[in-house]
Amino acid sequence: MIINKKFKSVLILCLCSLSSLAQTTKNSTPQLGKNSIKELIAAMTLEEKIWLLMGSEAELKKPKADIAASNGIIGFTEKKVPGAAGTTFAIPRLGIPAIVLADGPAGVRISATRKDDSATYYATAFPVGTLLASTWDVDLVNKVGTAFGNEVLEYGVDVILAPGNNIQRNPLNGRNFEYYSEDPLVSGKIAAAIINGLQSNGIGTSLKHLAANNHETRRFSTNAEVSERALREIYLKAFQVALKESEPWTVMTSYNKLNGTYTAERYDLVTEILRKEWNYKGLVVTDWGAAKNVVDQIKAGHSLIMPGQYFQVEGLQYALANNKLDVAVVDQRIEKFLELVLKTPTFKNYKFSNKPDLKNHAQVSRLAATEGMVLLKNTNNTLPISKNIRTIATFGNTTYNLITGGTGSGMVNKAYIISLGQGLTTAGYTLDPKVEQLYTKYVDSVEVSRPTPKNPAAGRPQIPELQISDDFILKQSVQSDMAMISVGKNAGEGADRNLDNNYHLMDSEISLIKRVYEAFKAQGKKTVVVLNIGGVIDLASWENYCDAILLAWQPGQEGGNAIADILTGKVNPSGKLAITFPEKYTDVSSAKNFPGASGVDPLNVVYEEGIYTGYRYYDTYKVKPAYEFGYGLSYTTFSLNNLKLNAKKFNKKVKASVTIKNTGNVAGKEVVQIYIAAPSKSIDKPVQELRAFAKTKLLKPGESQVLKFTITADDLSSYIPEQAAWIAEAGTYTIKAGVSSQDIRMTSTFYLVNQIITEKVTNQVQPSKPIITEYIGK
């Protein structure tokens, strides 16, 4: 066939035109980052919109019961970053990548090893949340967040599912180790500090679990009945404080019902309060497997349903097809999701290394651990360890098998753990070889013989305490210069603590403490107890049988070194309790209405104590605790002087200053706590409430520092439901400067002439019926 030149030219022109048209059509498809978000949403099919609201597990067409966990762990994926909690869907034609979310309030939780890969992917195990709060040092916690966030970034994770910011309402909550405090101010400020540190790396966080997620028993179906005042002043306040001082990319709702409706389905909580009142601009995500009414979850304000389940996809398809869900609402949720994706390292094509600076981060973990350990008792300066001590008899299983952190989503796969025994050895002490050999053999044999748990994140039951004869203890009291006993308790996600053997020590543990103490006392030698725990325990049954108690918490992978730093005096303890240790469990204001108590329905837990939780209860009703909120000893002493106010009449704010001086012989740090007692004409109030705090720099002996605080009208106000408003009452206010809630050193007063309505809102999330507050102290 012969084609003349003219026809050939026309054919080439036509083919070029078709190619150009195809290219133009391709380029006309909106791309994330190049086109507006609204243009992308307009280009999406309805199916794409539905899938984008789901975690990527939704593509598995399995019954929801099979999807709730993989490898026994809630929140586990092999996609992109093995061991992460989950991923989202990608829409490649629109330039929308899948992003990665990982667990880890105390470090990135990903798999340490991978199939057909000889490399390791360890993460740093940082101290648990309760320890970080005990530092009362927002700058240090920010530093921890910065190191932690670098690992999130370098392991290819976009959003870390932390921090946990629920109030420690009751000591038996299994996840208290993840949380910060019984006080919303401490909780909120510590949460904000770690959020800001984490996100300085260009990754996102997830402030969780909104709200009233204060026990683990029946957590998928339990209902928390809470008065609106208690919600706003205690349980929501912690989140509000955090959101004023940070901008987490996401907020996660909780599993539980709140006043009769699942939190994830509450429009009043997620939209009216979180978005409208608090002006939150980020994304709201469900907790993993909070799979109830997906349509109501989207309506409430969620933009991401995790980990995604196929029946939820079908539910949205049906709702949209039958006018039970407006597509405009779906578009609004997708807008928030795409705003999140735009910020992520994945979208920005960050080339993560899989090689974070684990060595440096371990030292950050060690530093933080020392700053948050609390010296509870120190009779006759037992600590720091005297220079003439050489050999230490180290009893207790966790001396050799340190608990670095709790179980569940807070678990971290770390490269190593420094035990207390190793820390003491590195510090130059000799462990009594017979005691060490006995325990090492026992602990190793038990660990080897125990089966691998089906759910690795759930951890293993506590090893029974080694039974040691009186004769053995007596012989070693002669051979060694000092006794040290480590007591370990652990808990975690999915279950609350057992009162009999997790809050209270087991009989074998109490017996060991008493027998060791008596034997060493008879030789004129000291006994130190180290508490390797994640939450409050009973002390009354044994605290008189030791000379010193160091609350080491669950201090992360460098815990043994950090404990040794405190015991030896290399670091002067400066940690302060952010939770109260009661004299007995029945003194806890929620003891009568916590799951497990007689007559309490775990499906409907009524917060009868109202706002009187923690020190607000103990101080107001004069219930003596074992160790009060804010308490902590030092190897030096401090004085507080010159509490000054810039005005005696309140006008928008009052500025206060106080001088703190190191009056002892060694350098140290102190925490100044500012409490305010407010007039209570129209509503009952706690006798005092923490309104500000600050930690000093390292003060040399004789050195002073002036700390300054600003008190605003918000700090004076209480929520009055009848007026749906935060109100500061007219009258005299007392400002108290102290070093614990019961060690107030100085006071001063100022006067508010006229009542101030600091914020007018609408009553939301109200209980189904009025809650009658009952106080144990009455």
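Given the structure is predicted, the values throughout are model-derived calculations rather than measurements. (Residues numbered from 1 in each chain as written. Predicted model: local features only at pLDDT ≥ 70, side-chain atom pairs only at ≥ 80, totals over all residues. Heavy atoms only, no water.)

Description of the overall build of the protein
Here's step 1: If you tally the helices and strands in the protein, you get 22 helices and 28 strands.
Here's step 2: Against the compact-globule benchmark of 28 Å for 778 residues, the protein has a radius of gyration of 28 Å, which places it among compact chains.
Here's step 3: Projecting the C-alpha coordinates of the protein onto the three principal axes gives extents of approximately 115 × 70 × 55 Å.
Here's step 4: Here the protein, with 778 residues, has 61% of them falling under the buried criterion.
Here's step 5: Partitioning the intrachain contacts of the protein with sequence separation of at least 6 by distance along the chain shows that 78% fall at a separation of at least 24.
Here's step 6: For the protein, the computed accessible surface area is about 30,200 Å², with 52% contributed by carbon and sulfur atoms.
Here's step 7: Computed over 87 positive and 74 negative side-chain charges, the inter-centroid distance for the protein is 5 Å. (Helix = DSSP H or I, 4+ residues; strand = E, 2+ residues; numbered from the N terminus. Rg over C-alpha atoms; globule rule 2.2 N^0.38 Å. Buried < 20%, exposed > 50% of the residue type's maximum accessible area, 1.4 Å probe, protein only. Contact = heavy atoms within 4.5 Å. Areas by Shrake-Rupley, 256 points an atom, 1.4 Å probe, with all protein chains shown as cover. Lys, Arg positive; Asp, Glu negative; His and termini not counted. Charge placed at Lys NZ, Arg CZ, Asp CG, Glu CD.)

What about the pairing of strand β11 (residues 391-395)?
Across a regular strand the side chains alternate sides, sitting on one face of the sheet and then on the other.
Here's step 1: Of all five residues that make up β11, five are buried, and the element is covered over most of its length.
Here's step 2: Alternating residues of β11 divide into Thr391, Ala393 and Phe395 and Ile392 and Thr394, and every residue in both groups is buried.
Here's step 3: Judged from the two bridges that link them, β11 and strand β12 (residues 430-431) form a sheet pairing that is parallel. When the bridges of β12 are listed, Ile392 appears paired with Leu431.
Here's step 4: Considered for its hand, the β-α-β crossover made up of β11, helix α15 (residues 420-426) and β12 is right-handed. (Pairing = 2+ DSSP bridges. Right-handed = clockwise from strand over helix to strand, strands pointing away.)

Side note on unusual backbone geometry
Here's step 1: The omega angle of the peptide bond from Leu210 to Ala211 is 5°, so this bond is cis rather than trans.
Here's step 2: The topology assignment puts Ala211 in the loop between β4 (204-210) and β5 (223-225).
Here's step 3: The step from Leu383 to Pro384 runs through a cis peptide bond, and the omega angle for that step is 0°.
Here's step 4: Locating Pro384 in the fold gives a position in the loop between β10 (374-378) and β11.
Here's step 5: The phi dihedral of Asn259 falls on the positive side, at around 50°, and the residue is not glycine.
Here's step 6: Mapping Asn259 onto the fold places it in the loop between β7 (257-258) and β8 (261-262).

Here we look at the confidence of the model for the protein
Here's step 1: For the protein, per-residue confidence averages 92 on the pLDDT scale, and 93% of positions sit at 70 or higher.
Here's step 2: The low-confidence segment residues 63-73, where pLDDT is below 50, has 22 contacts with residues more than four positions distant or belonging to other chains. (pLDDT = per-residue confidence, 0-100.)

Focus on empty space enclosed by the protein
Here's step 1: All told, the structure shown has six cavities of 30 Å³ or more when counted by the stated rule.
Here's step 2: There is about 130 Å³ of room inside the largest cavity.
Here's step 3: Lining of the largest cavity is provided by 15 residues; of these, Gln168, Arg169, Pro171, Glu182 and Thr580 occupy positions nearest its centre.
Here's step 4: Considered class by class, the residues forming the lining of the largest cavity number six nonpolar, seven polar and two charged. (1 Å grid on protein atoms, 1.4 Å probe; cavity = no way out; pocket = protein on both sides within 12 Å on 5 of 7 lines; lining within 4 Å. Points joined across faces, edges and corners; volume = space filled by probe spheres on them. Nonpolar A, V, L, I, M, F, W, Y, C, P; charged D, E, K, R; others polar.)

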